[in-house]
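As a plain string of letters, each chain reads:
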Amino acid sequence: MSAEFILLLVGLFIVSILYSSVGHGGASGYLAVMSLTSYAMMDAGWLKQHVWILNLLVASIAFYHYRKEGFYNSKLTTPFIIASIPMAFLGGYMTINSNIYDLLLSIALIWAAWRLFHSISIKDVNEITIPRKYESIPLGASIGLVSGVIGVGGGIFLSPIILLKKWANPKTVAATSAAFIWVNSFSGLIGAKISNQLNLDIDMLVYFSLIVLIGGFIGSSYGSKIAPQSTIKKILVVVLLFAAAKRIIELI
């Protein structure tokens, strides 16, 4: 096992703790970590599929903890999920040029960092308003498509929007994000399978899966019960911006 691979596992472990603490699967973080290693040279489809698998594992654990603590709101979550399923499937089915993928991923990472930065100071709100279907359905569909194309679960986009719109408090957002991420990741994988693009390295996934399962359990358990999330979000902003900057520099 090379030193780079060990460092990659450490990075995935840290990302899974940080992301799961706010109900996320960690796809954008995994992509950020991989972009700092030789795995950045892998095909876009390969990267998407592997982080989707990790998303499924970590989002499942995060959803379990947040739902167990009573933060899941099906009325808030269901419209987003229903709208996102076919669009995430479509995004996973599509093929995309590697350079375009790198550019889209860089933009996505910067956008996510900016939105997270602006949501850092948002705390629990006493008065929340569940969005109407004409608001949640288009939003869920658009995030689903982008998630399928780029290879993330969509929580990194959905969470800041819900917080800024005051549609839910942070822990309810975490539960919603976990469910949304799981569905989008699964839909993306199905799309890749049907389009004959599925290409998984099972041996490598065993290592990746074990490390993110441990990190996801630690992070989501901590986040659902204690959750001082502002510090976590600040760290994520730095990680996302650093990874995005590296991608952009390579493109130039």
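Being a predicted model, the structure only gives us computed values, none of them experimental.

When its secondary structure is counted, the protein shows 10 helices and 0 strands. Out of the 252 residues in the protein, the part that is buried amounts to 55%. Per element, the accessible surface of the protein, about 11,200 Å² overall, is 67% carbon and sulfur.

A separate point is the packing of helix 4 (residues 74-93) against helix 8 (residues 170-194). Where helix 4 contacts helix 8, the axes come no closer than 7 Å and their chain directions differ by 25°. Relative to helix 8, the element helix 4 is oriented roughly parallel. Regarding helix 4 and helix 8, the two cross each other, and that crossing is right-handed. On helix 8, the residues that touch Leu 76, Thr 77, Phe 80, Ile 81, Ser 84, Ile 85, Ala 88, Phe 89, Gly 92 and Tyr 93 of helix 4 are Thr 172, Thr 176, Ala 179, Phe 180, Val 183, Asn 184, Ser 187, Gly 188, Ile 190, Gly 191, Ala 192 and Ile 194. When grouped by side-chain class, the residues that make up the contact of helix 4 with helix 8 number 13 nonpolar, 9 polar and no charged.

This next bit is on helix 6 (residues 133-150). Here helix 6 spans 25 Å end to end across 18 residues, near enough to the 26 Å set by a 1.5 Å rise per residue. Of all the residues in helix 6, the buried ones are Ser 136, Leu 139, Gly 140, Ala 141, Ile 143, Gly 144, Ser 147, Gly 148, Val 149 and Ile 150.

Right, let's talk about the nonpolar core for a bit. By size, the foremost hydrophobic cluster in this structure holds 49 residues, and its most contacted members are Tyr 30, Phe 80 and Phe 208. Per-element accounting of this core gives the leading share, 9 residues, to helix 3 (residues 44-68). Dropping the residues within four chain positions of it, Tyr 30 is found in contact with Leu 12, Val 15, Ser 16, Gly 25, Val 51, Leu 54, Asn 55, Val 58 and Val 212.

The topology assignment puts Ser 159 in helix 7 (residues 155-165). A residue is classified by how much of its surface remains accessible, and Ser 159, at 5% relative accessible area, is buried. Polar contacts involving the side chain of Ser 159 include one to the side chain of His 24, which spans 2.8 Å. Side chain to side chain, Ser 159 and Ser 177 meet in a polar contact 2.5 Å long.

To continue, consider the packing of aromatic side chains. Per the stated rule, a full pass over the model turns up 8 aromatic pairs. An angle of 15° between the planes, with centres 5.3 Å apart, marks the rings of Trp 182 and Phe 186 as stacked. Taken together, the positions of Trp 182 and Phe 186, both in helix 8 and 4 residues apart, correspond to about one turn of that helix. Among the aromatic residues, ring-to-ring pairing joins Phe 5, Tyr 39, Trp 46, Tyr 207 and Phe 208 into one connected group.

This brings us to the environment of His 24. Within the secondary structure layout, His 24 lies in the loop between helix 1 (3-20) and helix 2 (27-34). When the C-alpha positions of His 24 and Ser 159 are compared, they lie 8.9 Å apart, and in sequence the two are 135 residues distant. Once residues within four sequence positions are removed from consideration, His 24 is found in contact with Tyr 19, Val 58, Gly 155, Ile 156, Ser 159, Ser 177 and Ile 181. Reaching out from His 24, the side chain makes a polar contact with the backbone oxygen of Gly 155 at a distance of 3.3 Å.

Definitions and limits used
Residues numbered from 1 in each chain as written. Predicted model: local features only at pLDDT ≥ 70, side-chain atom pairs only at ≥ 80, totals over all residues. Heavy atoms only, no water. Helix = DSSP H or I, 4+ residues; strand = E, 2+ residues; numbered from the N terminus. Buried < 20%, exposed > 50% of the residue type's maximum accessible area, 1.4 Å probe, protein only. Areas by Shrake-Rupley, 256 points an atom, 1.4 Å probe, with all protein chains shown as cover. Axes fitted to C-alpha atoms, helices over the stretch in contact; angles between N-to-C directions. Parallel < 35°, antiparallel > 145°, perpendicular 65-115°, else oblique. Left-handed = near helix turned anticlockwise from the far one by under 90°. Contact = heavy atoms within 4.5 Å. Nonpolar A, V, L, I, M, F, W, Y, C, P; charged D, E, K, R; others polar. Expected span 1.5 Å × (residues − 1). Core = buried A, V, L, I, M, F, W, Y, C linked by side-chain atoms within 4.5 Å. Polar contact = N/O pair within 3.5 Å; in protein donor to acceptor, adjacent residues only side chain to side chain. Phe/Tyr/Trp six-rings, centres within 6.5 Å; stacked < 30°, edge-to-face > 60°.

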